[in-house]
Amino acid sequence: MAIRDGNGWTACGHGHRHWGRYGAAGLLAYAPCQPGAAPPGQAGTVAPICVLLQRRSWWGNHGGTWGPPGGARDSHESAVAAALREAEEECGLPADAVSVLGILRDDHEGWSYQTVIAAAPRALPVHALSSETSKAAWVAAEDVTALDLHPGFAARWPVLREALQPLTVIVDVANVMGSRPDGWWRDRAGAARRLRGELAGLAAEGVAALPESVPAPVLERWFPEFVLVVEGAARSIAAHHAAGSRDRDASGSPGGRLRLVAAAGSGDDTIAALAGDLEGRRLVVTADRRLRERCVAAGASVTGPSWLLGQL
Ligand SMILES: [Zn+2]
């Protein structure tokens, strides 16, 4: 294992030549086109979004075409680490400024290209920094197809376009705990803490398959934010948890996005309000039929605890 040991040509099972001995990865970052264009939590507001693209230098592979920054993955690197590194090296996008939302994988039998989808808080300043890049720019999503696109990116753009939306999984903690007979009734706070630990792991690892009720494209992995709504005796764990904490370790793991919300009154009211107010796709995990109806009416998708527990 060595730095930049992925640099080199290889062949895939489809008979193509590809750059990247261990595969390649790119970063598709998106942001609201104008600062302040997307007031969070305003239901029904669709702010125009921009994606960060670069134009490849003429001498390179598919020279002159536009696509997300990306390149060869090193043998020891995850797709996320490689994509974030390439975007920083080629365009100057700081890796710690974005939230990783998912990975789309193009499998070529023995070789793959993984597009890492990430949200940036705004269209941060970018520059063409490497000799492989002649230009870096935020491009409005509706203008992307007007560019001369890299053929691999052009083929996947329709799916990627659909994925440019955050996903939040809202967990009815009491209901999920109640569906698992592990002695939770003896120590509700302890059981809630256990579940929080398991979900923090899942948030970091990502989810391979969403329930069919979620209208979202199929990705290799989604990295939703988990919002755990706790009530009653389990509320005490919220005090010991730094809200909205997000860590990224040296390996480039996207880190788990998980936060706790202590319901002041009824947990159901808090969950239904979040289901209506949060930006992007919302998936509520509960078996409570009345609550499910309220969440669907608020525009969220719903699924039962067995889906969530099956991911652990
Ligand atoms: Zn190929």
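Residues numbered from 1 in each chain as written. Predicted model: local features only at pLDDT ≥ 70, side-chain atom pairs only at ≥ 80, totals over all residues. Heavy atoms only, no water.

**Student:** I keep staring at the overall build of the protein chain and nothing clicks. Help me out?
**Tutor:** If you tally the helices and strands in the protein chain, you get 8 helices and 15 strands. The buried share of the protein chain, taken over its 312 residues, is 52%. Partitioning the contacts of the protein chain with sequence separation of at least 6, the portion at a separation of at least 24 is 64%. Total accessible area on the protein chain is roughly 14100 Å²; 51% of this is exposed by carbon and sulfur atoms. (Helix = DSSP H or I, 4+ residues; strand = E, 2+ residues; numbered from the N terminus. Buried < 20%, exposed > 50% of the residue type's maximum accessible area, 1.4 Å probe, protein only. Contact = heavy atoms within 4.5 Å. Areas by Shrake-Rupley, 256 points an atom, 1.4 Å probe, with all protein chains shown as cover.)

**Student:** Looking at this structure, I do not really get the pairing of strand 3 (residues 24-32). What am I missing?
**Tutor:** Along any regular strand the residues' side chains alternate between the sheet's two faces. Across the 9 residues of strand 3, 9 count as buried, placing the element largely inside the fold. Sheet analysis places strand 3 next to strand 6 (residues 70-72), joined by 3 bridges and oriented antiparallel. Pairing of Ala25 across the sheet is with Gly71, part of strand 6. Looking at chain direction, strand 3 and strand 8 (residues 112-119) are connected through 7 bridges and run parallel. Among the inter-strand pairings, Leu27 is bridged to a residue of strand 8, identified as Val116. Direction of pairing for strand 3 relative to strand 4 (residues 49-56): antiparallel, over a ladder of 3 bridges. Bridge pairing in strand 4 places Pro32 opposite Ile49. (Pairing = 2+ DSSP bridges.)

**Student:** Can you walk me through helix 7 (residues 289-297) in this structure?
**Tutor:** Backbone nitrogen of Arg290 and a side-chain oxygen of the N-cap are separated by 3.1 Å at the start of helix 7; the cap is Asp288. Positive backbone phi, approximately 95°, marks Gly299, located one or two places after helix 7. (Polar contact = N/O pair within 3.5 Å; in protein donor to acceptor, adjacent residues only side chain to side chain.)

**Student:** Looking at this structure, how should I read the pattern of salt bridges?
**Tutor:** Two side chains carrying opposite charge are able to pair once their charged atoms lie near each other. For the coordinates displayed, the defined rule picks out 14 salt bridges. Between Glu198 and Arg180 there is a salt bridge, with its nearest N and O atoms 2.9 Å apart. With Glu198 in helix 4 (residues 188-205) and Arg180 in the loop between helix 3 (173-178) and helix 4, the pair connects residues that are 18 residues apart, well separated along the chain. Among the residues examined, Glu198 registers a relative accessible area of 31% and is labelled partly exposed. Linked by salt bridges that have partners in common, Arg4, Asp74, Glu77, Arg85, Glu86 and Glu89 make up one network. (Salt bridge = Lys/Arg side-chain N within 4 Å of Asp/Glu carboxyl O.)

**Student:** Hey, could you run me through the side chain of Arg73 in this one?
**Tutor:** By secondary structure assignment, the location of Arg73 is in the loop between strand 6 and helix 1 (79-91). No salt bridge is formed by the buried Arg73; the nearest opposite charge belongs to Glu77, separated by 6.8 Å. From its side chain, Arg73 meets the backbone oxygen of Glu77 in a polar contact 2.8 Å long. The residues touching Arg73, leaving out its near neighbours within four places in the chain, are Gly6, Tyr22, Gly23, Ala24, Ser78, Ala79, Ala82 and Gln114. (Lys, Arg positive; Asp, Glu negative; His and termini not counted.)

**Student:** Just to check I follow, could you spell out the state of the cysteines for this structure?
**Tutor:** Disulfides are covalent bonds that link the sulfur atoms of two cysteine residues. Inspection of every chain in the model, using the stated rule, returns 1 disulfide. A sulfur-sulfur separation of 2.3 Å characterises the disulfide bridge that pairs Cys33 with Cys50. One disulfide, between Cys33 and Cys50, carries an S-S torsion of 110° and so falls in the right-handed class. In this pair, Cys33 is assigned in the loop between strand 3 and strand 4 and Cys50 in strand 4, connecting sequence segments 17 residues apart. In terms of burial, Cys33 and Cys50 fall into one category: buried. (Disulfide = S-S within 2.5 Å.)

**Student:** Which parts of the structure should I look at to understand the packing of helix 6 (residues 267-277) against helix 7?
**Tutor:** To characterise two packed helices, one gives the angle between the axes of the helices and the distance between these axes. Running from amino to carboxyl end, helix 6 crosses helix 7 at an angle of 25°, the nearest separation of the two axes being 8 Å. Between helix 6 and helix 7, the interaxial angle falls into the category roughly parallel. When you trace helix 6 past helix 7, the crossing you get is right-handed. The residues of helix 7 that touch helix 6, namely those facing Asp268, Asp269, Ile271, Ala272 and Ala275, are Leu291, Arg294 and Cys295. Residues that form the contact of helix 6 with helix 7 fall into these classes: 5 nonpolar, no polar and 3 charged. (Axes fitted to C-alpha atoms, helices over the stretch in contact; angles between N-to-C directions. Parallel < 35°, antiparallel > 145°, perpendicular 65-115°, else oblique. Left-handed = near helix turned anticlockwise from the far one by under 90°. Nonpolar A, V, L, I, M, F, W, Y, C, P; charged D, E, K, R; others polar.)

**Student:** Would you take a moment to explain the pairing of strand 12 (residues 225-230) for this structure?
**Tutor:** Within strand 12, 6 of the 6 residues are buried, which leaves it mostly tucked inside the rest of the structure. Of the two faces of strand 12, the one holding Glu225, Val227 and Val229 and the one holding Phe226, Leu228 and Val230 are both buried throughout. Bridge count between strand 10 (residues 167-172) and strand 12: 5 bridges; the pairing is parallel. Bridge pairing links Asp172 to Val229 in strand 12.

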